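Survey of secondary and tertiary structure
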Amino acid sequence: MSSDFEAYEQDFGTLTAEVTNKIGRIPKLSGEEKTQLVLNVDKQLEEVRELLEQMDLEAREIPIQSRAMYNSRLKSYKQEVEKLEKDFKRSRIAYSDEVRNELLGDEASSSENQLIKLREERAHLLDNTEKLERSSRRLEAGYQIAVETEQVGQEILSNLNSDREKIQRARERLRETDANLGKSSRILTGMLRRIIQNRVLVFILGAIILLTIILAIYLNVRGH
């Protein structure tokens, strides 16, 4: 999974470098040429966003112990894209001195203040739009974090339940083992008791037989 993430990183670096170069050229152009370059940059920015989405998906598949590092890199890339989008929006309403003079002609001096005011108003509008977009992205990121946290919590609870079941089964086996040991102990005790009883009986029988033999010998000797 990390190899796929790094492959997307390389594509991201190449594409953002091209976008940065083209954004810097936009204020120097006018007319159809500028329009075409703006459309081209807009398309490439969409590709950059798709790469970010792919990296985001890959980062979620990376093991938790390594995920933080990739999330940090992904966060910096998102900030970089935000800056590119901001620069792109500004570049669309910006003109170099040469292009501005070409567009305004002889009325450049009289229209300069109006153009500056218009640019400031548009820049202010763009700033507000960017703030709303950043807020939306932060809410989305917060939602994703909450979902991931919930998933991790569910995994932990599942593991805890599994461990509890294992402990309960181990306790049951221990109880069964204790019961079997108690039963075996009682059987052994009974067998030992019977062995002792048998030995005592053998001893008593042996003593009786011995006494009988001694008595018989004594009587026999005495009769002679």
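Rules of the game
Residues numbered from 1 in each chain as written. Predicted model: local features only at pLDDT ≥ 70, side-chain atom pairs only at ≥ 80, totals over all residues. Heavy atoms only, no water. UniProt positions renumbered as here; feature names shortened; annotations may be inferred. pLDDT = per-residue confidence, 0-100. Helix = DSSP H or I, 4+ residues; strand = E, 2+ residues; numbered from the N terminus. Core = buried A, V, L, I, M, F, W, Y, C linked by side-chain atoms within 4.5 Å. Buried < 20%, exposed > 50% of the residue type's maximum accessible area, 1.4 Å probe, protein only. Contact = heavy atoms within 4.5 Å. Phe/Tyr/Trp six-rings, centres within 6.5 Å; stacked < 30°, edge-to-face > 60°. Lys NZ or Arg CZ within 6 Å of the ring centre and 35° of its normal. Axes fitted to C-alpha atoms, helices over the stretch in contact; angles between N-to-C directions. Parallel < 35°, antiparallel > 145°, perpendicular 65-115°, else oblique. Left-handed = near helix turned anticlockwise from the far one by under 90°. Nonpolar A, V, L, I, M, F, W, Y, C, P; charged D, E, K, R; others polar. Patch = residues over 30% accessible without salt bridge, like charges linked within 9 Å, V, L, I, M, F, W, Y side chains within 5 Å. Areas by Shrake-Rupley, 256 points an atom, 1.4 Å probe, with all protein chains shown as cover. Salt bridge = Lys/Arg side-chain N within 4 Å of Asp/Glu carboxyl O. Lys, Arg positive; Asp, Glu negative; His and termini not counted. Charge placed at Lys NZ, Arg CZ, Asp CG, Glu CD. Expected span 1.5 Å × (residues − 1).

Looking up the protein chain in an unreviewed UniProt entry gives the name Vesicle transport through interaction with t-SNAREs 1A, with the organism given as Gasterosteus aculeatus aculeatus. Heading Subcellular location (unreviewed entry) of the UniProt record for the protein chain holds this comment: "Endomembrane system". According to the UniProt record, the Sequence similarities (unreviewed entry) comment for the protein chain reads "Belongs to the VTI1 family."

**Overview of the confidence of the model for the protein chain**
Across the protein chain, the average pLDDT comes to 81, with 84% of residues at or above 70. Here helix α4 (residues 97-104) is the element of the protein chain with the lowest mean pLDDT, 49, and helix α2 (residues 31-61) is the one with the highest, 90.

**A short note on the nonpolar core**
One finds F12, L52 and M55 to be the most contacted residues of the largest nonpolar core, which totals 13 residues. Within the residue set of this core, elements represented by two or more residues are α1 (2-25), α2 and α3 (64-92). At five residues, α2 tops the list of elements feeding residues into this core. In contact with F12, other than residues within four places in its own chain, are V48, L51, L52, M55, Y77, E80 and V81. One finds V19, I23, L37 and F88 within the second-largest nonpolar core, a separate group that totals ten residues.

**Topic: the UniProt feature "transmembrane region" (unreviewed entry) in the protein chain**
Feature annotation in UniProt places "transmembrane region" (unreviewed entry) on residues 200-221, given in this structure's numbering. The distance from the first to the last C-alpha atom of residues 200-221 is 31 Å, and the span holds 100% helix and 0% strand.

**Some details on the packing of aromatic side chains**
Counting across every chain of the model gives two aromatic pairs. Aromatic pair F5 and Y70: ring centres 5.0 Å apart, planes at 80°, arrangement edge-to-face. Of this pair, F5 sits in helix α1 while Y70 sits in helix α3, and the two are 65 residues apart along the sequence. This pair shows no difference in class: F5 is buried, exactly as Y70 is. Ring plane angle 45° and centroid distance 5.0 Å describe the contact between F12 and Y77, whose orientation is recorded as tilted. Placement of F12 in helix α1 and of Y77 in helix α3 is noted, with a sequence separation of 65 residues between them. As far as burial versus exposure is concerned, F12 and Y77 are alike and both buried. If you follow R92 out to its NZ or CZ, it ends over the ring of F88, 4.7 Å from the centre.

**A short note on the packing of α2 against α3**
Describing two packed helices takes the angle between their axes plus the distance from one axis to the other. Look at α2 against α3: their axes get within 10 Å of each other, and the N-to-C directions meet at 165°. With respect to α3, the element α2 is oriented roughly antiparallel. With respect to the hand of their crossing, α2 and α3 are arranged in left-handed fashion. Residues K34, V38, V41, D42, L45, V48, R49, L52, M55, D56, A59 and R60 of α2 touch α3, and the partners they reach there are R67, Y70, N71, L74, Y77, K78, V81, L84, E85, F88, S91 and R92. Residue classes in the contact of α2 with α3 are distributed as 13 nonpolar, two polar and nine charged.

**Here we look at a negative patch on the surface**
Negative charge collects at one region of the surface, where E18, E47, E50, E53 and E140 lie side by side. One can find E50 in helix α2.

**Quick word on α3**
Across its 29 residues, α3 extends 42 Å between first and last C-alpha, which sits within 8% of the 42 Å expected from 1.5 Å per residue. Taken residue by residue, α3 has R67, Y70, L74, Y77, V81, L84, E85, F88, K89 and S91 as its buried positions.

**A few points about the pattern of salt bridges**
Evaluation of the coordinates by the stated rule reveals five salt bridges. The salt bridge involving R60 is made with D56; its shortest N-O contact spans 3.4 Å. Taken as a pair, R60 and D56 lie in helix α2 at a separation of four residues, close to a single helical turn. For K83, the salt bridge identified is with D87, shortest N-O distance 3.0 Å.

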